[in-house]
Amino acid sequence: MPDMTEHRGDKNGIIGTAAIFAAVVVLYAGVLIKLASDWYTDENYSHGLLVPFVIGMIVWLGRDELKKAAGSPSILVGIGLVSAGLIFLFGGTLGSELFTQRVSLVLLLAGIVAFLWGGRVLKLLLVPVALLLLAIPIPQIAFNKIAFPLQIWASQIAVWGIRLIDVPTLRKGNVIDILPQGSTQTISLEVVEACSGIRSLMTLITLALVLAFFTRSADDNGFLRLRRNDAIRTVLLMFAAVPIAVLTNSARVTATGLGSYYYGKQATSPFWHDASGWAVYAVALLILFAVNIGLKRLLGSGPESFKEPPPTVAPSSSLRHAVALTLILVVSGAAINWFSFRSEASVERRDLAEFPSILGEWQQRGAEFKFSEATEKILRASDYTMREYTLAEQGRVANIYVGYFASQRTGTAVHSPQNCLPGAGWVLSDPSIVTVTPANGPPFEASRYVIENGIYKEVMLYWYQGRGRTETSEYRNKLNTVVDSIVKRRTDSALIRVMTTIGNDEAAADRAALELSARVADELPPFIPD
């Protein structure tokens, strides 16, 4: 005769688990929709579309092992991870930081697993957790810090390869100039993210993890466990994906450079660019497979994974835990949504179109610059102005940009120059912090960079301002936005950027940029409220 108590317990467990994950879906609906959209549109993370299916397959194949491992809930670990996830979601929501919101989902899911089924189950699911993390797009600032060195390395290796065949070439940063055979006009090849290896890098790292996991040695302890040597091989293969991506894409740039020398611009046509991209990706995959085979032969399978004692099962508490966790998610979700959707304090300000055309001895030249409609949709600033000012006695021209964002709660956020300028081909170098001293206010710090794009070389100062604060760091500005959203009910902020040509005297350019920045700061209070 079947045990009705056990059947009732299984049914309650299913209902409780379903309630928890229904609460998670409701709480993260917006985050999940935006993440799926990014997977579909962002070539760097298109592998994310397959990750849920791979995770589902791993969990399904290891379902028997997971059932055996399920035991007493790891209450402290579970509550800690769930709390961390909710804190990340809260901060990411108020600070309009998608990466933080998405990482919070991984933390929350890991916490739920530990809370309901124990730390043993969570340990068995480390590979699916790692796959989910690898499918989350990293912040643009971090992306650029990875992409720039890869671009430079790819261009350096490509120039070395091109010169091996005695083809004259000149490299300026990530731009390679080649004079085609029999031509009098050079062709410039810009090594952007797609050619540096960054677009294939995240996919290759993810595939390295999947490849190593599914080619591991059989372990009598279960499907989800990795032997020690297999774990080492997995890590080494994931690290190997970096040089593989750089070298294969450097070969692509080298081939494009040689093609440009012998065949001119037709070697850089969209068709050959896309075709070479797919070919390079296929070669990278083959190399990844070869490295995996080599590592497997070198390391062998090693000893079996540590065999853990059987778990202690406490099924009677599962429903209580599920109810408690569901209540935590519902209450926390309501609180986060209340903070997110409550009205913001209104502030009075003047339109930036009224910004003065004369700043001391600096005078505006021409009309305001306007971005294209497509750029404005990406920028999503509430108000902005971009102008050129001249200093007649020095013959100097400077560009200023002020972008104001009335609210940063709905995905709109201040765009760092470290995100925007590289997309336009600028290379940022020589970072430092300088002090701007306005005549009518306290001194404040600004970020200073030298920026280059081909023959253009300029000094740039920028800072964030709003709600009575000035800040140089994108990260501190995000944190301040979260704090002020709670305390002041305000998330408005602005980015101010000043640029001027260096020419033959970098010190003079620095002095001019500082002087103009001080003039701009003196005029900002009516336009950017404290």
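Residues numbered from 1 in each chain as written. Predicted model: local features only at pLDDT ≥ 70, side-chain atom pairs only at ≥ 80, totals over all residues. Heavy atoms only, no water.

K.L.:
Which parts of the structure should I look at to understand the overall build of the protein chain?
P.N.:
Helix and strand content of the protein chain: 18 helices and twelve strands. Sorting the 530 residues of the protein chain into buried and exposed places 46% on the buried side. For the protein chain, contacts bridging at least 24 residues in sequence account for 72% of all contacts bridging at least 6. Within the structure as shown, the protein chain displays about 26300 Å² of accessible surface, and the carbon and sulfur contribution to it stands at 63%. (Helix = DSSP H or I, 4+ residues; strand = E, 2+ residues; numbered from the N terminus. Buried < 20%, exposed > 50% of the residue type's maximum accessible area, 1.4 Å probe, protein only. Contact = heavy atoms within 4.5 Å. Areas by Shrake-Rupley, 256 points an atom, 1.4 Å probe, with all protein chains shown as cover.)

K.L.:
For this particular structure, what's the right way to read empty space enclosed by the protein?
P.N.:
Once rolled over the atoms, a probe with the size of a water molecule shows which space is left empty. In the structure shown here, the tally under the stated rule is one cavity of 30 Å³ or more. Together, Tyr464, Gly466, Arg467, Arg469, Thr470, Glu471, Asn477, Asn480 and Ser493 line the largest cavity. Looking at which element gives the most residues to the lining of the largest cavity, the answer is strand E11 (residues 469–471), with three residues. (1 Å grid on protein atoms, 1.4 Å probe; cavity = no way out; pocket = protein on both sides within 12 Å on 5 of 7 lines; lining within 4 Å. Points joined across faces, edges and corners; volume = space filled by probe spheres on them.)

K.L.:
Sorry, what's going on with the packing of aromatic side chains here?
P.N.:
For any pair of aromatic rings, geometry is given as the distance between the ring centres together with the angle between the planes. Under the definition given, this model contains eight aromatic pairs. For the ring pair phenylalanine 213 and phenylalanine 214, a centre distance of 5.3 Å and an interplane angle of 90° mean the geometry is edge-to-face. Classification of phenylalanine 214 by relative accessible area gives partly exposed; the value is 32%. Members of the aromatic cluster, connected to one another through ring pairs, are Phe371, Tyr384 and Tyr401. Between arginine 349 and the ring centre of tyrosine 404, over which it is positioned, the NZ or CZ distance is 4.0 Å. Between the NZ or CZ atom of lysine 370 and the centre of the ring of tyrosine 384, over which it lies, the distance is 4.6 Å. (Phe/Tyr/Trp six-rings, centres within 6.5 Å; stacked < 30°, edge-to-face > 60°. Lys NZ or Arg CZ within 6 Å of the ring centre and 35° of its normal.)

K.L.:
Which parts of the structure should I look at to understand the nonpolar core?
P.N.:
Most often, soluble globular proteins keep nonpolar side chains buried together rather than apart. In terms of nonpolar packing, the biggest core is built from 45 residues, with Val121, Leu131, Leu204, Leu237 and Leu288 touching the most fellow members. By residue number, the principal contributor to this core is helix H11 (residues 198–214), which donates ten residues. Counting 32 residues, the second largest nonpolar core, distinct from the first, contains Leu352, Ala518, Ala521 and Leu524. (Core = buried A, V, L, I, M, F, W, Y, C linked by side-chain atoms within 4.5 Å.)

K.L.:
Where do I start with helix H6 (residues 98–117) in this structure?
P.N.:
If you check H6, its first and last C-alpha atoms are 29 Å apart, about what 20 residues at 1.5 Å a residue would give, namely 28 Å. The buried count for H6 comes to 14 of 20 residues, which makes it a mostly enclosed element. Glycine 118 occupies a position one or two residues after H6 and carries a positive phi of about 100°. (Expected span 1.5 Å × (residues − 1).)

K.L.:
Can you walk me through the pairing of strand E7 (residues 396–405) in this structure?
P.N.:
Looking along a regular strand, one sees the side chains alternate between the two faces of the sheet. Of all ten residues making up E7, nine are buried, and the element is well covered by its neighbours. One ladder, built from nine bridges, connects strand E6 (residues 383–391) with E7; its direction is antiparallel. Pairing of leucine 391 across the sheet is with arginine 396, part of E7. The sheet contact formed by E7 and strand E12 (residues 493–501) spans eight bridges and is antiparallel. Bridging from a neighbouring strand, tyrosine 404 pairs with alanine 494 of E12. (Pairing = 2+ DSSP bridges.)

K.L.:
Honestly, helix H12 (residues 228–263) in this entry has me stumped. Any pointers?
P.N.:
Working note: α-helix, 3.6 residues per turn, so residues spaced by three or four point in the same direction. The first and last C-alpha atoms of H12 sit 52 Å apart over 36 residues, in line with the 52 Å expected at 1.5 Å per residue. Backbone geometry just after H12 places glycine 264 at a positive phi near 75°.

K.L.:
Explanation requested: unusual backbone geometry in the structure shown.
P.N.:
In this model, arginine 380 sits at a positive phi of 60°, which is unusual for a non-glycine residue. One can find arginine 380 in the loop between helix H15 (373–379) and E6. On the basis of relative accessibility, which here comes to 41%, the residue arginine 380 falls in the partly exposed class. Unusually for a residue other than glycine, arginine 467 sits at a positive phi of about 60°. Structurally, arginine 467 can be placed in the loop between strand E10 (456–466) and E11.

K.L.:
I keep staring at the pattern of salt bridges and nothing clicks. Help me out?
P.N.:
Considering all chains together, one arrives at 15 salt bridges under this definition. With its nearest N and O atoms 3.6 Å apart, the salt bridge here joins glutamate 368 to arginine 387. Linking glutamate 368 in the loop between strand E5 (362–365) and H15 with arginine 387 in strand E6, this pair joins segments that are 19 residues apart in sequence. For glutamate 471, the salt bridge goes to arginine 476, with nearest N and O atoms at 2.9 Å. Note on glutamate 471: relative accessible area 14%, which makes it buried. Since its relative accessible area comes to 43%, arginine 476 is described here as partly exposed. (Salt bridge = Lys/Arg side-chain N within 4 Å of Asp/Glu carboxyl O.)

K.L.:
Help me understand the confidence of the model for the protein chain in this model?
P.N.:
One rule of thumb: low pLDDT means the predicted coordinates there are not for detailed reading. Residue-level pLDDT values for the protein chain average 83, and 86% of them are 70 or greater. The weakest mean pLDDT in the protein chain belongs to helix H10 (residues 193–196) at 47; the strongest belongs to helix H18 (residues 506–523) at 96. Taken as a whole, residues 1–9 scores under 50 in pLDDT and shows zero contacts with residues more than four places along the chain or in a different chain. (pLDDT = per-residue confidence, 0-100.)

K.L.:
Got a minute to help me understand the side chain of serine 74 in this structure?
P.N.:
Its location among the elements puts serine 74 in the loop between helix H4 (63–69) and helix H5 (75–94). Only 2.7 Å separates the side chain of serine 74 from the backbone nitrogen of glycine 119, close enough to count as a polar contact. (Polar contact = N/O pair within 3.5 Å; in protein donor to acceptor, adjacent residues only side chain to side chain.)

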